[in-house]
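An overview of the molecular structure
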Amino acid sequence: MEEFVTEEAAEVAAAEGAGEVALPPAPGEAEHPALALANSAVALPGGHTSDLLGTPARAEQWLVRRDLAPAGTGLAEVCATQLRSLREQVRSLLASRVAGQPALTAAVAAVNDAMTRVPTASLLVWDEKTGPYRATPHPTTAIVEHALAVIAADAADLLTSPEAARLTACASPPCNRFLVRHGRRQWCSTRCGDRVRAARAYARRTTGE
């Protein structure tokens, strides 16, 4: 529990420092980067949205905080666009799983493509001076592709694990985040839970009047 609180505080501080909405990670995000990616564009009251991948700088910060890219990578807009594109496909898969409906073929294909685009085996490399050796290539130019592969693999693991049965959408409109449910909790954060309770209290007062 202490570990989660520490990570939550770090996330909030990082978000505040970047001028983002300071929402703690939803349950399950610390363990699953795919869930964190799906929740990186948050719907807020009043029709507003906070997009943690909205600019290349924000997208890079998001990757760095999850050890998916080194600081100073210098992400370009095309890379941020790739992340946002995978986010939509992962959100589609999570929504299908929560609703108990068949997934869109394009979403499944996008996740499989991201997983297989980067070599996962140690390849043979032949150095002119030291000779042959094996290494897993992660050149700077492939940082984003590697991050996408890690996230996609995590999405596949999450969707096929026992935890998938506990996946749910936050029950506090307009929040659009997903979470791995623990106990009876149906919302992603204390803030959303407070909003639900406030709405129920208001409804009771209105009905009583």
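Residues numbered from 1 in each chain as written. Predicted model: local features only at pLDDT ≥ 70, side-chain atom pairs only at ≥ 80, totals over all residues. Heavy atoms only, no water.

**Examining helix H4 (residues 77-99)**
Put simply, the rule reads: Helix numbers and strand numbers start at the N terminus; a helix is a DSSP run of H or I with at least 4 residues, a strand a run of E with at least 2. For a helix, the expected span equals 1.5 Å multiplied by the residue count minus one. We call a residue buried when its accessible area falls under 20% of the maximum for its residue type, exposed when it is over 50%, and partly exposed in between, using a 1.4 Å probe and counting protein chains only.
The end-to-end C-alpha separation of H4 is 33 Å, in line with the 33 Å expected for 23 residues at 1.5 Å each. Listed as buried for H4 are Cys79, Ala80, Leu83, Arg84, Leu86, Arg87, Val90, Arg91, Ser92, Leu93, Leu94 and Ser96. Positioned one or two residues after H4, Gly100 has a phi angle of 70 degrees, which is positive.

**Describing the nonpolar core**
The criterion, for reference: The definition of a nonpolar core used throughout is a set of buried Ala, Val, Leu, Ile, Met, Phe, Trp, Tyr and Cys residues joined through side-chain atoms within 4.5 Å.
Membership of the largest hydrophobic core comes to 35 residues, with the highest contact counts inside it found for Trp62, Leu83 and Val90. Sorting elements by how many residues they give to this core places helix H6 (residues 143-159) first, with eight residues. Listed in part, the seven residues of the second largest apolar core include Ala26, Cys170, Cys175 and Cys192.

**Some points on helix H5 (residues 105-117)**
Here is the rule we go by: The arc in question is traced by the directions running from the helix axis to the C-beta atoms. The contact rule is simple, with two residues in contact once any of their heavy atoms fall within 4.5 Å.
Counted at 1.5 Å a residue, the expected span for H5 with its 13 residues is 18 Å, and the 18 Å between its end C-alpha atoms agrees. Every buried residue of H5 is accounted for by Ala107, Val111 and Ala114. Take H5 and look down its axis: the buried residues cluster within an arc of 65 degrees, on one side only. With respect to the buried face of H5, the exposed residues turned more than 90 degrees away are Thr105, Ala106 and Thr116. Looking at the buried residues of H5, the elements they touch are H4 and H6.

**What about the pattern of salt bridges?**
Selection rule: A pairing counts as a salt bridge when a side-chain nitrogen of Lys or Arg comes within 4 Å of a carboxyl oxygen of Asp or Glu.
Tallied over the full model, the rule gives six salt bridges. Put simply, Arg87 and Asp51 hold a salt bridge, and the shortest N to O gap is 2.8 Å. Of the two residues, Arg87 sits in helix H4 while Asp51 sits in strand S2 (residues 48-51), which places them 36 residues apart along the sequence. Like Arg87, the residue Asp51 is buried in the burial classification. For the salt bridge of Arg117 with Asp113, the shortest nitrogen-to-oxygen distance reads 2.2 Å. Here Arg117 and its partner Asp113 are both found in helix H5, four residues apart, which amounts to about one turn of the helix.

**Considering the pairing of S2**
What counts is decided by this rule: Criterion used throughout: strands pair if DSSP finds at least two bridges between them.
Note that strand S1 (residues 41-44) and S2 share four bridges and pair antiparallel. Among the inter-strand pairings, Ala43 is bridged to a residue of S2, identified as Thr49. Here S1 folds back onto S2, and the loop between the two strands holds three residues, one of which, Gly46, carries a positive phi near 85 degrees.

**Looking at the packing of H4 against H5**
What counts here: Axis angles are defined between N-to-C directions and span 0 to 180 degrees, where every axis is a line fitted to C-alpha atoms and, for a helix, only to the segment in contact. Orientation labels follow simple angle bins: below 35 degrees gives roughly parallel, above 145 gives roughly antiparallel, 65 to 115 gives roughly perpendicular, and whatever is left gives oblique. Handedness of a helix crossing follows the sense of rotation of the near helix relative to the far helix, less than a right angle counterclockwise being left-handed and clockwise being right-handed. Think of it as three bins: nonpolar holds Ala, Val, Leu, Ile, Met, Phe, Trp, Tyr, Cys and Pro, charged holds Asp, Glu, Lys and Arg, and polar takes everything else, Gly as well.
Two numbers describe how H4 lies on H5: the axes approach to 8 Å, and their chain directions differ by 130 degrees. With respect to H5, the axis of H4 lies oblique. As for how H4 packs across H5, the hand of that crossing is left-handed. Contacts between H4 and H5 pair Gln82, Leu86, Gln89, Val90, Ser92 and Leu93 from the former with Ala106, Ala107, Val108, Ala110, Val111, Ala114 and Arg117 from the latter. For the contact of H4 with H5, the residue count by class is nine nonpolar, three polar and one charged.

**Quick look at the state of the cysteines**
Defined as follows: Count a disulfide wherever a pair of cysteine sulfur atoms falls within 2.5 Å.
Scanning the entire structure with this criterion turns up zero disulfides. Cys175 provides the cysteine sulfur closest to Cys188, a residue in no disulfide bond, and the two sulfurs are 3.6 Å apart. Residue classification places Cys188 among the buried residues on the basis of a relative accessible area of 1%. With no disulfide of its own, Cys192 lies 3.8 Å from the sulfur of Cys188, the closest cysteine sulfur. Cys192 gets classed as buried once you look at its relative accessible area, which sits at 3%.

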